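Survey of secondary and tertiary structure
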Amino acid sequence: MEWEVVIGLEIHVQLATQTKIFSGASTAFGAEPNTQACAVDLALPGTLPVFNENALRMAIMFGLAIDAEIGKRSVFERKNYFYPDLPKGYQTTQLAEPIVGTGHVDIQLEDGSSRRVRIHHAHLEEDAGKSLHEDFHGMSGIDLNRAGTPLVEIVSEPDMRSAKEAAAYARKIHAIVTTLGICDGNMAEGSMRCDCNVSIRPKGQEALGTRTELKNINSFRFIERAIETEVARQIDLIEDGGRVVQETRLYDPDRNETRSMRSKEEANDYRYFPCPDLLPVIIDDAYIETIREQLPELPDARRQRFIDQYSLSDYDAGVLASERAQADYFEEVVTLTGDAKLSANWITGELARFLNQADLSISASPVSAQQLAGLIQRIQDDTITGKIGKNVFELLWNEGGTADSIIEAKGLKQVNDSGAIEAAIDQVIAQCTPQVDQYIAAEPDKRGKMLGFFMGQVMKLTQGKANPGQVQGLLKQKLDQLC
Amino acid sequence: MSLDRSDVERIAHLARLAIHEPEIPEYTESLNSILSLIDQMQATPTDGIEPLAHPLDAVQRLRSDVVTEANQRDSLQACAPAVEDGLFLVPKVIE
Amino acid sequence: MFNLTLSELSQALSQGQFSSLELTQALLERIKRLDSQYNSFITLSEEQALLQAKAADASRAAGHATPLTGLPVAHKDLFCTQGIRTSCGSRMLDNFVSPYNATLVERLNQAGMVTLGKTNMDEFAMGSSNESSYYGPARNPWDSQRVPGGSSGGSAAAVAARLVPAATGSDTGGSIRQPAALCGITGLKPTYGRISRYGMIAYASSFDQAGPMTRSAEDAALLLQAMAGEDPLDSTCAVHPVPDYRASLNNSLSGLRIGLPKEYFAEGTDPEILQRVREAVAEFEKMGAQVKEVSLPNTQLSIPAYYILAPAEASSNLSRFDGVRYGHRCAAPKDLEDLYKRTREEGFGTEVKRRIMVGTYALSEGFYDAYYRKAQQIRRLIQQDFVRVLQDVDVIMAPVTPCAAFPLGEKNSDPVSMYMEDVFTLSLNLAGLPGMSIPCGFSGHLPVGLQLIGNYFDEARLLNIAHQYQQVTDWHQHTPANLSED
């Protein structure tokens, strides 16, 4: 049977506020346990929440970016359940009246087409603390620093049909929230976490199959692998005559398998009701419009502009526009070099490779946009070759400085002196008699291909510094004279 | 609406209250008498009446996003039943 | 000294008749000697009180005294007091020493008041007799075999027994007015949101309101002045100007429009109480007030609506007491669920558990609309009743309670009969309106309270009305016959 996969995502985005959603404690990551959990975060008796305006502004920014209706009236509710990382015994969240209503994003698929994913709503809520499972005499330790960190939970419709689409959607949300500057986008630190609702149905069937929920996935790669694994499990199960049980499952990346979280299986009754400690949040059009005016250029618009303005390929434009810091970096380099294609190649190529290896984001890149532009400019003016450029880049990365200072100090300047180049060519011709003989014996139309070997030898001899264009011209001239 | 023993047990579980077997009849009886008092309101028609969550027709005030709380872990944990390395200790949490 | 009101004490201090330290020492000594009869205090904060008194005397000497500087006060034990145990009348918080001050406590400290201690109360403010306290019931100074009312029973008993000139209380369904009535003192429940709730341990968030419990309306005005006003730490605290409450105390009542709601004068109430209330109304007529009958037709529904909404909020508010971060924790929990269930079973008393269960049930799946939402709709009906009536009259007058102080143990075993005790007070909390109880005579040897109900943020008018009454009557000056006068 042919199966269709149906996926909906719930993405939790930690907002990049200075303080918690309902208290004045810092949200900075990585502090000593419970040093950023104030009386309100610990739910001390008598404490009360007061709503952080910046969390509201950020949620509205997101709503505007996905073309959603903004809730002029939104209401916080309590979701009641007991858990040690939930100090009040309820999570303050939104249910019936969220801040962001229905919206949508468009994702680009590999075949170049695009698909619209509808967003059901997005709401504000507070994050929980963390349970640490290192053994404290058979006990768990509770750190409440994260408790009360503002979250926007973005709930999609079940509009995705493959693991790749789900990952593309998650990347698009990531691009939007980082471009807006409302989230640092650091998935390893849990700034963006994903729950995937996955079901399958026979192709052509209207009714949805029973879904499972894969909890708390924090990388794009894992989203893709977890869904693929879960889909395979569901297909096997059904084809073996079993049936899918609605449950919460955990993806184990080490074993590449999903498994049931039985501890969360207990039928819960969350007893939602409007939080009596908070009043309805009422905003007007003027408030929304002020925020709209301050929105930065969004990833889709920027991607299109990169195509139109810089003649970049869809692919390069999409990659560069996917993160605000990267797009800004690119534009800074282009402003200095005037060559979009070359700049894009360096950023998506060499720079991306180094950043990946060092596990750094572009905003933490040791090579700044000015430094990279300085390097590209030396390639443009034939001071160095592209190949030498890579060496210079590595030195810039490791040691800092400017391309000029490195080229000067290491003597990497390209050789444009035709006398020196001719001498090198002569030396190669003298040393490579067999190859020269082959060249002479070859049909004239095959000789072009054989030129590469001599090019390589000359470049090697000149330590890559010879101007490749000049080498090619002179080589051909000299060899053809021998024929 | 009348509660039976299993309702009382379910509610006690939701509220995380241990309930001893001999207390169940007493709880069931007193909860039922409270519910019958409460059920007096069912006779009043309320169709179309906007629920009142707060007596004042006020709206949420907003706090500016400025850190106001310094680390006070020691004083805040002074009354904690079990703490180690700055963490609150609880029986093992099973994910 | 013990019979002086705050206002009189303030004058005595400023005239140098005695110091705050002398006053504080004398009261602490009196409490230690006599409170075993009343059980009105849970904790005495002697050390801090003496420090505060010395500081108050120093600031007076330096010329920085406010009208409250050096005056003693006691706080109901649900206001968080830094460095002083804050038990909320519960085993759950028997060992809880608050690391911070409630906003109200902070304000009275700033004004220079001296905290003598924390007063007894029904556990988590759930009760009308003080009998649900983990620390045993406070007793009524007018008859020690009878209840002082609740939940602010300790505050009312302490003020009535002249152990302290004034105390703070909180009123969720009548918890200031009812004990004030039963103990013959003056109690004011302000408009919801008039005083910050920050640091006041929550029972039902959309009802809870702090207020002063004193021996005169003038003292209530003095205290309210310092307690009222917006607080950046409480979202529900009103942003509404605070008038000068004492400035209007002597306004004339000529032309005052009084409404008497017929539903509050129906059968079932002690005829003596109704008679005292009518006599009080007659006093106002002598002062030039006009009286008319009004109707609050949904009054009876206030009991069911309240006993859904308040327990529902409470069931959620009290979830934080889980034995993890503070408070009671059961011995040797075998797993998480055991930790929660035994901690909460041991830490909470019967009435608290009962209300948590009612509230949990009312919010549970399938019942929300029939209970919680329905009760919120009724809440609106009750509010509309008041809004309509208060367009025609300036103040509503009524009894506070259907009967005078009842014997200890009489209603304790039957929650429904205890809940009926609140019939005249609950509806105000549902509507969020301000109300007062002032002494207006006796039923036998027991005090009777007159309830004054005003419009939103119209506390100044209630205080004016109460003060004028206390200028022409002396019910508020009566003291229990057996009271130790030394």
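Note that the coordinates shown come from a computational prediction; the quantities given were computed from them, not determined experimentally.

Notes on the overall build of chain C
- Along chain C, the regular secondary structure elements total 15 helices and 11 strands.
- Per-residue burial for chain C yields a buried fraction of 70% across its 486 residues.
- Contacts in chain C between residues far apart in sequence, at least 24 positions, make up 76% of those at least 6 positions apart.
- Here chain C carries 42 positive and 52 negative side-chain charges, and the mean point of each set is 3 Å from the other.

A look at the interface of chain B and chain C
- Of the residues lining the interface, 52 residues belong to chain B; the matching set on chain C comes to 69 residues.
- Taken over both partners, the interface formed by chain B and chain C buries close to 5300 Å², and the fraction arising from carbon and sulfur atoms is 69%.
- Three residues, Met41, Leu52 and Arg61 of chain B, lead the burial of chain B against chain C; their summed loss comes to 14% of the area buried on that side.
- At the boundary of chain B with chain C, the tally comes to 20 residue pairs in polar contact (both at pLDDT 80 or more).
- At the level of elements, α1 (5–14), α2 (24–38), α3 (73–76) and β3 (87–91) of chain B are the ones that each hand at least two residues to the side of chain B that touches chain C.
- In terms of residues, the side of chain B that touches chain C owes the most to one element, α2 of chain B, which gives eight residues.
- Residues that form the side of chain B that touches chain C fall into these classes: 34 nonpolar, 11 polar and seven charged.

Thoughts on the UniProt feature "domain: Asn/Gln amidotransferase" (unreviewed entry) in chain A
- Here, UniProt's "domain: Asn/Gln amidotransferase" (unreviewed entry) annotation points to residues 328–479 of chain A.
- Taken end to end, residues 328–479 of chain A is 76% helix and 0% strand, and its two terminal C-alpha atoms sit 48 Å from one another.

Things to note about the nonpolar core
- The biggest cluster of nonpolar side chains holds 198 residues, and the ones touching the most others in it are Phe124, Phe284, Phe386, Met397 and Leu452 of chain C.
- Examining the composition of this core, we find that nine residues originate from one element, helix α9 (residues 302–317) of chain C, more than from any other.
- If sequence neighbours within four positions are ignored, Met397 of chain C has contacts with Ile258, Gly259, Leu260, Pro261, Phe265, Val281, Phe284, Leu450, Gln451, Leu452 and Ile465 of chain C.
- The next biggest cluster of nonpolar side chains, apart from the first, holds 69 residues, and it includes Leu56, Phe76, Val117 and Met160 of chain A.

Observations regarding the pattern of salt bridges
- Summed over the entire model, instances satisfying the criterion amount to 58 salt bridges over all chains.
- Between Arg177 of chain C and Asp171 of chain C there is a salt bridge whose closest N-O contact spans 2.8 Å.
- Owing to a relative accessible area of 0%, Arg177 of chain C belongs among the buried residues under this scheme.
- The salt bridge partner of Asp385 of chain C is Arg388 of chain C, with a shortest N-O separation of 3.5 Å. Of this pair, Asp385 of chain C and Arg388 of chain C both sit in helix α12 (residues 369–392), three residues apart, which is roughly one turn of that helix.
- Salt bridges linked by common partners bring Glu297, Arg302, Arg305, Asp328 and Glu331 of chain A together as one network.

Comments concerning the packing of helix α8 (residues 271–286) of chain C against helix α15 (residues 459–472) of chain C
All names here are of chain C.
- At a minimum axis distance of 11 Å, the contact between α8 and α15 shows a crossing angle of 95°. What the angle tells us is that α8 and α15 run roughly perpendicular. Where α8 abuts α15, its residues Ala280, Glu283 and Phe284 lie against Ile465, Tyr469 and Val472.
- Of the residues that constitute the contact of α8 with α15, the class distribution is five nonpolar, no polar and one charged.

Regarding the interface of chain A and chain C
- At the interface, 32 residues of chain A touch 38 residues of chain C.
- Across the chain A/chain C interface, buried area totals approximately 2800 Å², and carbon plus sulfur atoms make up 59% of it.
- Ranking the residues of chain A by area buried against chain C places Pro45, Leu48 and Phe82 of chain A at the top, with a combined share of 23%.
- Where chain A meets chain C, there are one salt bridge.
- Between Asp277 of chain A and Arg197 of chain C there is a salt bridge, with its nearest N and O atoms 3.0 Å apart.

Each value, and the rule that gives it
Residues numbered from 1 in each chain as written. Chains lettered and ligands numbered in written order. Predicted model: local features only at pLDDT ≥ 70, side-chain atom pairs only at ≥ 80, totals over all residues. Heavy atoms only, no water. Helix = DSSP H or I, 4+ residues; strand = E, 2+ residues; numbered from the N terminus. Buried < 20%, exposed > 50% of the residue type's maximum accessible area, 1.4 Å probe, protein only. Contact = heavy atoms within 4.5 Å. Lys, Arg positive; Asp, Glu negative; His and termini not counted. Charge placed at Lys NZ, Arg CZ, Asp CG, Glu CD. Buried area = accessible area lost by both parts, 1.4 Å probe. Polar contact = N/O pair within 3.5 Å; in protein donor to acceptor, adjacent residues only side chain to side chain. Nonpolar A, V, L, I, M, F, W, Y, C, P; charged D, E, K, R; others polar. UniProt positions renumbered as here; feature names shortened; annotations may be inferred. Core = buried A, V, L, I, M, F, W, Y, C linked by side-chain atoms within 4.5 Å. Salt bridge = Lys/Arg side-chain N within 4 Å of Asp/Glu carboxyl O. Axes fitted to C-alpha atoms, helices over the stretch in contact; angles between N-to-C directions. Parallel < 35°, antiparallel > 145°, perpendicular 65-115°, else oblique.

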